[in-house]
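# Close look at the chain arrangement
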Amino acid sequence: MTALGVTPPPATGLSLCVLASGSSGNCSVLVSRPDETGPRRVVLLDAGLSPRRTQRLLAERGIRPDEVDDILFTHLDTDHCHSGWTSAFRPGGWRARLRIHRRHLGRAERAGLLFRHTEVFEDTLDLGTGLDARAMLMSHDDLGVAVFRLRADTPAGDAHLGFATDLGHTTDELIASLRGVDALAIESNYCPIMQHESDRPAFLKQRITGGAGHLSNTESAQAARRIGPRECLILLHLSRQCNTPVRALREHAGCGCEVHVTNQHRPTPWFTIRGGAPRCAVPAPPRCPRTLFDLVSEPPTRTVAP
Ligand SMILES: [Zn+2]
């Protein structure tokens, strides 16, 4: 942290900070800079916080609104796309391109998110300056949710980040598309026991646990073990009512890398994704939309290494 209380990202490489994660708002910032002499790319993964709060949190990390190049949406539920973004783009302020999956276009239009700088993606995205992504659509509500495998040039070589939230369930194709990433951010939404014993109505429990809502700690841990992140595992979207950081961490114990839990109210530190490991070719993501529901929950906190 600098004398002014600003915590900027590392000078080079690929870095991620989860500004907030949970049913009250999801937003992460990804910064990529292949070398010290070149430009950096700044990408928001979801924008579930108000523009004003996002601006404040970015300022605390040394990033101005006009430096954000892209806002990449997993889906457009209100906890991932705050309504304030429809009126945020004015001269002199935010200028980021909105990147919206083709399946979400109709919803984006109804939400007032189709600007001249809105771009549609399906399977792949070129984010510029040595940063790109492959997307895979998973079931969540009727329209699905996009899961990303991002790749960046770094001084050490390629760095890969998997970003998967609001999954509901996993598939072999999803595991294959994320296998061997350097860092994996994946939801670990609820403890099945707490969910079962909660006073939530039966229909809500069914929506969350029925394969179209969220992953339990157990499902998340099984997926993470199969994916095998090389450097670190970041747990997203913990339910405030039906999970605790301790329960989530316990389920992910022994995963073979550092584990961190994100929080609704406190941003994480910068995670530096070093990369550079030799790897096999990444299989192309299959297209597999489905039908679904969504759900709710909220997360707690803490950053822990096992
Ligand atoms: Zn969500």
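Residues numbered from 1 in each chain as written. Predicted model: local features only at pLDDT ≥ 70, side-chain atom pairs only at ≥ 80, totals over all residues. Heavy atoms only, no water.

### Observations regarding the environment of Leu98
With respect to the helices, strands and loops of the structure, Leu98 is situated in strand β5 (residues 97-101). Leu98 sits in the buried class, given a relative accessible area of 1%. Residues within four places of Leu98 in sequence aside, it is in contact with Ile71, Phe73, Phe89, Leu113, Phe115, His117, Thr118 and Glu119. (Helix = DSSP H or I, 4+ residues; strand = E, 2+ residues; numbered from the N terminus. Buried < 20%, exposed > 50% of the residue type's maximum accessible area, 1.4 Å probe, protein only. Contact = heavy atoms within 4.5 Å.)

### Considering the nonpolar core
Among the nonpolar cores identified, the biggest contains 28 residues, and Val29, Val68 and Ile71 are the most heavily contacted of them. Counting residues in hydrophobic clusters, the runner-up holds 27 residues, among them Val18, Ala146, Leu150 and Ala185. (Core = buried A, V, L, I, M, F, W, Y, C linked by side-chain atoms within 4.5 Å.)

### So, the coordination of the zinc ion
For a metal with four tetrahedral donors the ideal donor-metal-donor angle is 109.5 degrees, while six octahedral donors give ideal angles of 90 or 180 degrees. Donor atoms from the polypeptide that bind the zinc ion are Asp79 (OD), His80 (NE2), Asp166 (OD) and His237 (NE2), placed at 2.2 to 2.3 Å. One can describe the site at the zinc ion as irregular: its 4 donor atoms subtend angles covering 91 to 155° at the metal. Counting residues between consecutive donors of the zinc ion along the chain gives the motif D-H-x85-D-x70-H. With His80 in the loop between β4 (70-72) and β5 and His237 in the loop between β12 (232-236) and α7 (245-251), the pair connects residues that are 157 residues apart, well separated along the chain. As far as burial versus exposure is concerned, His80 and His237 are alike and both buried. (Donors = N, O, S within 2.8 Å, 3.2 Å for Na, K, Ca; no water. Tetrahedral: all angles 85-135°; square planar, octahedral: opposite > 155°, others 65-115°.)

### Digging into the confidence of the model for the chain
The predicted model of the chain averages 88 in pLDDT, with 89% of residues at 70 or higher. Here residues 284-306 is modelled with pLDDT under 50, and outside its nearest four sequence neighbours on either side it reaches 109 contacts, counting other chains as well. (pLDDT = per-residue confidence, 0-100.)

### Side note on the sheet that holds strand β1 (residues 13-20)
One key point about sheets: their strands pair by backbone hydrogen bonds, in either a parallel or an antiparallel sense. Strand order in the open sheet made by the 7 strands is β6-β5-β4-β3-β2-β1-β14, with mixed pairing throughout. Lying at the two open borders of the sheet, with one neighbouring strand each, are β6 (118-121) and β14 (271-273). Neighbour-to-neighbour, the strand axes of the sheet open up by a mean angle of 25°, direction not taken into account. Sheet topology places β1 next to strand β2 (residues 27-33); 7 bridges connect them, and they run antiparallel. The partner of Gly13 across the bridge, within β2, is Arg33. Sitting on the sheet, helix α1 (residues 51-59) touches β1, β2 and β3 (41-45), and the angle it makes with β1 is about 135°. (Pairing = 2+ DSSP bridges. Axes fitted to C-alpha atoms, helices over the stretch in contact; angles between N-to-C directions.)

### Observations regarding the pattern of salt bridges
Within this structure, the stated rule accounts for 17 salt bridges. The residue Asp69 makes a salt bridge to Arg41 at a minimum N-O spacing of 3.8 Å. Here the residue Asp69 occupies a position in the loop between α1 and β4, and Arg41 occupies one in strand β3, the gap between them amounting to 28 residues. As far as the burial class goes, Asp69 and Arg41 line up, both buried. When the shortest N-O distance is used, the salt bridge between Asp66 and Arg64 registers 3.0 Å. According to the relative accessible area criterion, Asp66 is partly exposed, its value standing at 31%. In this structure, a network of salt bridges that share partners links the residues Arg41, Asp69, Asp70, Arg95, Arg97, Arg99 and Glu119. (Salt bridge = Lys/Arg side-chain N within 4 Å of Asp/Glu carboxyl O.)

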